[in-house]
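An overview of the molecular structure
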Amino acid sequence: MNAPQHPQHPQQPQNPQHWPHQQPPPGHQPGYGPPPGFPQPPAGYGPPPRKKRTGLVVGIVVGVVALVLAGVVGTMYLDYIDEPGGGPGAEPIPQCVLSDAVKAQAHVSSFRLIQAPTDAKKGMKQTHCAWEQTKGKDGRDTRRLSFLVYDFTTFSDKQDRNLDQAHDNYTSFMSYGTGDQAKTLDLGDESMVFIPSSPTDLTEVKLLVRKGTVVWNISYMGHDKGFFTDSGFPVEDAEAVAVKAAEELISK
């Protein structure tokens, strides 16, 4: 009989330490992504791109600019609708009285006495009167009518000398004609109006008139208010007011 065959022992697994080590492909470092040959992630895969904030910044800047412009425009509007002037003023002295018609034409109704005449019995007596605007009554366009009164009636005991003094005082204001258009008027004994030779943002007309021993130096000025800028008003209107005021003053 043949000897019994002993079954072969199954092959024992080798110690992992004895397994051959596989070297990574050249250029590949362990732990740094897939080695060459592995499929790459598709395009667009990965963290989403950071959103740009340009639109937000532009919106904030536009909003700030709009607020600033709104503030500027609002201030300009409030100034535009605001009416100049103060209270009704004081009661005028006789040398400064004007009719309601002249004051309405001049858009002034508030009286202010700048200088009262002296009480001395001798010498020249000077008075300075001003008619200005009453807030809420005379409109938003600024106007001012003022005049000085030089009274030489009691300058001395000699009437001829007093007349000469008044005439000299009248001619001393002829320098107003420098750069202006001077025009002789038919008022009193001597009269002349001075009109600006070129328009500006402020209209001013001066009028001189002498009657006997009294001289009046009249000034009417102002401007029309605009939303962005002011402008002068028609010179013809200013001249008409000055002439009307002169007619009333010399008639007293």
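Below, the structure is looked at part by part. (Residues numbered from 1 in each chain as written. Predicted model: local features only at pLDDT ≥ 70, side-chain atom pairs only at ≥ 80, totals over all residues. Heavy atoms only, no water.)

So, unusual backbone geometry
Applied cut-off: By the criteria applied, helices consist of DSSP H or I runs no shorter than four residues and strands consist of E runs no shorter than two, each listed in order from the N terminus.
With a phi close to 60°, His-107 is a non-glycine residue in the positive phi region. By the element assignment, His-107 lies in the loop between α2 (100-106) and β1 (110-115).

Some remarks on the sheet that holds strand β5 (residues 190-196)
Applicable threshold: Here, any two strands with at least 2 DSSP bridges between them count as paired. Note on method: axes are straight lines fitted to C-alpha atoms, helices fitted across the in-contact stretch only, with angles between N-to-C directions ranging 0 to 180 degrees. Here a residue-residue contact requires only that any non-hydrogen atoms of the pair lie within 4.5 Å.
Strand order across the open sheet formed by seven strands is β1-β2-β3-β7-β6-β5-β4, with antiparallel pairing between neighbours. The open sheet terminates on both sides in strands that have one partner only, identified here as β1 and β4 (180-184). When the angles between neighbouring strand axes are averaged without regard to direction, this sheet yields 15°. Across the face of the sheet, helix α3 (residues 159-171) comes into contact with β3 (142-151), β5, β6 (203-211) and β7 (214-223) while running at roughly 165° to β6.

Considering the nonpolar core
The line we're drawing: Only buried residues count toward a nonpolar core. Its members are Ala, Val, Leu, Ile, Met, Phe, Trp, Tyr and Cys residues joined through side-chain atoms within 4.5 Å. Working definition: with a 1.4 Å probe on protein chains only, accessible area under 20% of the residue-type maximum means buried, over 50% means exposed, and in between means partly exposed.
Judged by nonpolar contacts, the single largest core of 32 residues is most densely connected at Leu-98, Leu-145, Phe-147, Leu-207, Trp-216 and Ile-218. Sorting the residues of this core by element identifies α2, β2 (125-132), β3, β5, β6, β7 and α4 (235-250) as the ones contributing at least two each. Here the element with the most residues in this core is α4; it accounts for eight residues. Apart from residues no more than four positions distant in its own chain, Leu-98 is found in contact with Lys-103, Trp-131, Leu-145, Phe-147, Ala-245, Glu-248 and Leu-249. Residues Phe-152, Tyr-170, Phe-173 and Met-192 belong to the second largest nonpolar core, which totals ten residues.

Describing the packing of aromatic side chains
Note the cut-off: Pairing of aromatic rings covers Phe, Tyr and Trp, the last counted by its six-membered ring, and requires centre-to-centre distances within 6.5 Å; plane angles under 30 degrees mean stacked, over 60 mean edge-to-face, and any other angle means tilted.
Evaluated as defined, the whole model comprises four aromatic pairs. Taken together, a centroid distance of 5.1 Å and an interplanar angle of 55° make the contact between Phe-111 and Trp-131 tilted. With Phe-111 in strand β1 and Trp-131 in strand β2, this pair connects stretches of sequence that are 20 residues apart.

Section: the environment of Val-214
Summarising the element assignment, Val-214 is placed in strand β7. For Val-214, a relative accessible area of 12% corresponds to the buried category. The spatial distance from the C-alpha of Val-214 to the C-alpha of Met-124 is 9.6 Å, given a sequence separation of 90 residues.

Section: the pairing of β3
Residues in a regular strand point their side chains to alternate faces of the sheet. A large share of β3 lies buried, amounting to seven of its ten residues. Bridging between β2 and β3 involves seven bridges; their strand directions are antiparallel. Pairing of Thr-127 across the sheet is with Val-149, part of β3. Pairing geometry for β3 and β7, over ten bridges, is antiparallel. Directly across from Tyr-150, in β7, lies its bridge partner Val-215.

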